[in-house]
Amino acid sequence: MVHSDVEYSHHHEEGHSHEHHHHVPEPHKAMMAIGIQTAIAISLHKLPEGIVTFVTSHADRKLGFAVFLALAIHNLAEGFTIAFPLYIALNSRLKAFGAAILLGACSQPLGALIGYLWTSSYKPSPAQDVVYGVLFSSTAGFMSVIAIHSMLPQAIRNDQSSMSTSVFFFMGVALIGGSYAIAGS
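Residues numbered from 1 in each chain as written. Predicted model: local features only at pLDDT ≥ 70, side-chain atom pairs only at ≥ 80, totals over all residues. Heavy atoms only, no water.

Participant: I keep staring at the overall build of the chain and nothing clicks. Help me out?
Facilitator: Looking only at helices and strands, the chain has six helices and zero strands in total. Secondary structure elements of the chain occur, N-terminal to C-terminal, as α-α-α-α-α-α. Residue burial in the chain is summarised as follows: out of 185 residues, 28% are buried. Contacts in the chain between residues far apart in sequence, at least 24 positions, make up 73% of those at least 6 positions apart. (Helix = DSSP H or I, 4+ residues; strand = E, 2+ residues; numbered from the N terminus. Buried < 20%, exposed > 50% of the residue type's maximum accessible area, 1.4 Å probe, protein only. Contact = heavy atoms within 4.5 Å.)

This is how it looks when you write it as structure tokens:
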């Protein structure tokens, strides 16, 4: 289709009347936004997990293994949480799986490296304890807002039975709670 410059500019400004494609279809933009927000939030969340895993293992191998086991269980849910909205938005299992692997596989080892660097020069002090607390609380807050503000409402809107969301929400809570209970024993 050929447009004059005036027609092209006029159509372009009023809503994309000219022919071209977008990478994400319009109905799936909300899922794409949720997928990206979730990927960022989980990646930021996994960074301190890597720190915790390394520092805990450094202090006590048995406790470190319990933390590792708990995090491994809940990493499965986190990977799915990244991949599923991206799969819906992109309609590609490979791209969704790749994003989940890339984001999940990079941030936690990076956190462990930070933990290693931190413990190699660590001298306990109240200031370092405050930094540690701020890191964890801000990450937890960020994840909570994304989950409550974006993910849960979208799940409720997509739930045709109006029961599945509640059941799986509580199953997710039980899975994560159980993984932390295992870590504590």
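Participant: Looking at this structure, I do not really get the nonpolar core. What am I missing?
Facilitator: Nonpolar side chains in soluble globular proteins tend to be buried together. With 12 residues, the main nonpolar core is built from M31, M32, I34, A39, I42, I82, A83, L86, A89, A96, A99 and A100. When contributions to this core are tallied by element, the ones reaching two or more residues are α2 (29-59), α3 (61-90) and α4 (93-120). Considering every element that reaches this core, the biggest residue donor is α2, with five residues. (Core = buried A, V, L, I, M, F, W, Y, C linked by side-chain atoms within 4.5 Å.)

Participant: Help me understand the packing of aromatic side chains in this model?
Facilitator: What characterises a pair of aromatic rings is the spacing of the ring centres plus the angle enclosed by the ring planes. Applying the stated rule across the entire model yields four aromatic pairs. Plain terms: the ring middles of F65 and F68 are 6.0 Å apart, the flat faces sit at 35° to each other, and that makes the pair tilted. One end of the pair is F65 and the other is F68, both in helix α3 and three residues apart, which spans about a single turn. Centroid distance F80 to F84: 5.4 Å. Interplanar angle 20°. Geometry classified as stacked. With F80 and F84 both in helix α3, this residue pair falls four residues apart, about one helical turn. Given a relative accessible area of 54%, F80 falls into the exposed group. Its relative accessible area of 39% is what places F84 among the partly exposed residues. (Phe/Tyr/Trp six-rings, centres within 6.5 Å; stacked < 30°, edge-to-face > 60°.)

Participant: I tried to follow the packing of α2 against α3 on my own but got confused; where do I start?
Facilitator: If you want to describe how two helices pack, look at the angle between their axes and the distance between the axes. Taken N-terminus to C-terminus, the directions of α2 and α3 make an angle of 170°; their axes are 10 Å apart at the nearest point. By the angle between their axes, α2 is roughly antiparallel relative to α3. Looking at the contact of α2 with α3 residue by residue, the classes come out as 18 nonpolar, 10 polar and four charged. (Axes fitted to C-alpha atoms, helices over the stretch in contact; angles between N-to-C directions. Parallel < 35°, antiparallel > 145°, perpendicular 65-115°, else oblique. Nonpolar A, V, L, I, M, F, W, Y, C, P; charged D, E, K, R; others polar.)

Participant: Can you help me understand the side chain of K46 in this one?
Facilitator: When you line up the elements, K46 lands in helix α2. Here the side chain of K46 touches N75 through a polar contact of 2.6 Å, side chain to side chain. Within the structure, the side chain of K46 is placed 3.1 Å from the side chain of E78, a separation counted as a polar contact. (Polar contact = N/O pair within 3.5 Å; in protein donor to acceptor, adjacent residues only side chain to side chain.)

Participant: For this particular structure, what's the right way to read unusual backbone geometry?
Facilitator: With the exception of glycine, most residues fall at negative phi, and the peptide bonds are largely trans. One non-glycine residue, N91, adopts positive backbone phi at about 55°. On the secondary structure map, N91 appears in the loop between α3 and α4.

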